[in-house]
Amino acid sequence: MKLTERVTECPPRGFYVKRINPRVKSGRFMKILPDYEHMNYRDVYTCLLHQYRDILGLWQPDLGPYGGLLNVVVDGFFIIGWMYLPPHDPHVNEPMRLKPVFRIHLMEKKSATVECMYGPKGPHSGQIQLVKKDEFCTKCLQTDYHRMSGGRQEEFRTWLRDDLGRTLDDIFHEHMQELILMKFIYICQYDNCLTYRRIYHPPSQPDDLVQPGFFKGTYGSHGLEIVMLSFHGTVAKATKITGDPNVPAGQPTLEIDLTRPVRLPVLDHLQNIDELTRLIMDIYDEINREQRLARSEEEGASVRVEEPLQGPSSPTKPKARQIDVQGELKPPDQQAFALPDEVMARNEDYPRSCRLCFYGTGLIAGHGFSSPERTPGLFILFDDDRFGFIWLELKSFSLYSRMRDKFQNSRPPSPEAFDEMLKAMQQWTT
């Protein structure tokens, strides 16, 4: 097969070889690759695709609380593992940054070769081992390629600049210095051997509020993190794909109750945090009353749940709700939106109107995921690709923007498999 030809007959499982020029220089790695002039698709399938077919798709690295998102794809005569890094804080609307972690290709002897792509010195020898179903690990065999002549200090400066878009002079806050240094030290411990576990793109249903998928969002001094938005009946969840020492990757950072919409007050009143707090806490109190009543009914108790003097005599839906009997959302009107004056925002470039708002809870915790608790807040749907969340207790605002990257080999085999994956993700970091 010549390089100028495209294979028309596909090998098993839908694999195909696309037209490439293996001698083209790519990025900073200038290594000339082997000559594939006489290689056919059967060689590629037998020696490369069939052997490594089980690692294609999306994976989360076992990096403690920090996690990550790896996408393993077929690119011509290569299998490449791309790590997806969020844009530099706080530019949440910018595209993701891709960093190659490893690549697999065929040498002249038609045997697959694994190369580690970490470090400044170009590709070098590595290994990939399939540990079990939906789990594999990578190992670097030449870790000296990861080192820099200036030692760890130069490596730290390079990591700050490339991964965080910062310099040492940019970091004034002592707490942020500690967080950044802790992350660098932790990541360096795994630069020679790393385990990956399979994750799926969330499945979609016709009645979903928006298309589920991956979003990058602002998390205060922790910077930008990746979350996965998924829908589960009347509840939407945002699960952390990347995390931090407080709330690690794999945990459900947001849970939104889609049966409890919130009609925002006029802008003059919205800018007062007390008005917004009153709206959210009214729903919070109502939920607690409903839960107490449900528990008493289950226990067969005849104790009547005491209601506040000005509250409803029985649990009823708030007037602001826009849910009909079948639970379907009615077309809403666009609402004017502005953050209350006391709410801190990492990124002030948020939309000034929104489509819908819902009651939700956000997960907060101390360092090391100590004393985790869900606290009430407001979920704001701006459009199909952006949403936000106001953390009432923290008086903080997170803005989320959709990742537009396309992922192949990422669909779950069933909705049940996706739900099992979410449960497993929580256990990985706890």
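Residues numbered from 1 in each chain as written. Predicted model: local features only at pLDDT ≥ 70, side-chain atom pairs only at ≥ 80, totals over all residues. Heavy atoms only, no water.

Of the consecutive residues Asp-89 and Pro-90, the connecting peptide bond is found in the cis state with omega at 5°. Mapped onto the fold, Pro-90 is located in the loop between β3 (78–85) and β4 (97–106). In this structure, Asp-134 takes a positive phi of about 65° despite not being glycine. Turning to its location among the elements, Asp-134 is positioned in the loop between β6 (124–132) and β7 (135–140). (Helix = DSSP H or I, 4+ residues; strand = E, 2+ residues; numbered from the N terminus.)

Turning our eyes to something else, we now look at the packing of aromatic side chains. What characterises a pair of aromatic rings is the spacing of the ring centres plus the angle enclosed by the ring planes. Taken as a whole, this structure holds 19 aromatic pairs when the rule is applied. A ring pair is formed by Phe-214 and Phe-407, whose centres lie 5.7 Å apart and whose planes are at 75°; its orientation type is edge-to-face. Remark: Phe-407 occurs in the loop between β19 (396–402) and α6 (415–428) and Phe-214 occurs in strand β9 (residues 213–218); sequence separation between them is 193 residues. Comparing Phe-214 with Phe-407 shows no difference in burial state: the two are buried. Three or more aromatic residues joined by ring pairs form one cluster here, namely Phe-215, Tyr-219, Phe-379, Phe-387, Phe-389, Trp-391 and Tyr-400. In this structure, Lys-240 packs its charged tip against the face of Tyr-219, placed 4.4 Å from the ring centre. (Phe/Tyr/Trp six-rings, centres within 6.5 Å; stacked < 30°, edge-to-face > 60°. Buried < 20%, exposed > 50% of the residue type's maximum accessible area, 1.4 Å probe, protein only. Lys NZ or Arg CZ within 6 Å of the ring centre and 35° of its normal.)

Time to look at the side chain of His-146. With respect to the secondary-structure elements, His-146 resides in the loop between β7 and α2 (151–164). Given a relative accessible area of 6%, His-146 falls into the buried group. At a separation of 3.1 Å, a polar atom in the side chain of His-146 contacts the side chain of His-124. If we ignore the near neighbours within four places in the chain, the residues touching His-146 are Cys-116, Tyr-118, Gly-119, Pro-120, His-124, Cys-140, Glu-155 and Asp-191. (Polar contact = N/O pair within 3.5 Å; in protein donor to acceptor, adjacent residues only side chain to side chain. Contact = heavy atoms within 4.5 Å.)

A word on the sheet that holds β7. In spatial order, the strands read β1-β2-β3-β4-β5-β6-β7-β8; together these eight strands close into a barrel with antiparallel pairing. Here the average twist between neighbouring strands, direction ignored, is 35°. Pairing of strand β2 (residues 70–75) with β3 involves six bridges; the strand directions are antiparallel. Looking at β3, one finds that Val-72 is bridged to Gly-81. Helix α1 (residues 41–52) rests against β2, β3, β4, β5 (112–116) and β6 of the sheet, and its axis sits at about 125° to β4. (Pairing = 2+ DSSP bridges. Axes fitted to C-alpha atoms, helices over the stretch in contact; angles between N-to-C directions.)

As paired strands, strand β10 (residues 224–232) and strand β11 (residues 235–240) are joined by six bridges and run antiparallel to one another. Paired with Met-228 across the strands is Thr-239, a residue of β11. Across five bridges, the pairing between β11 and strand β12 (residues 252–261) is antiparallel. From the neighbouring strand, Val-235 faces β12, where its bridge partner is Asp-257.

Take the nonpolar core next. Judged by nonpolar contacts, the single largest core of 27 residues is most densely connected at Phe-337, Leu-339, Leu-378, Ile-380, Ile-390 and Phe-397. Every element with two or more residues in this core is listed here: α5 (273–298), β16 (356–366), β17 (370–383) and β19. It is α5 that contributes the most residues to this core, six residues altogether. Not counting residues up to four positions away in its chain, the partners in contact with Leu-339 are Gln-271, Ala-345, Tyr-350, Ile-390 and Phe-397. Core analysis: the second largest hydrophobic core is formed by 26 residues, Leu-49, Ile-79, Leu-85 and Tyr-196 among them. (Core = buried A, V, L, I, M, F, W, Y, C linked by side-chain atoms within 4.5 Å.)

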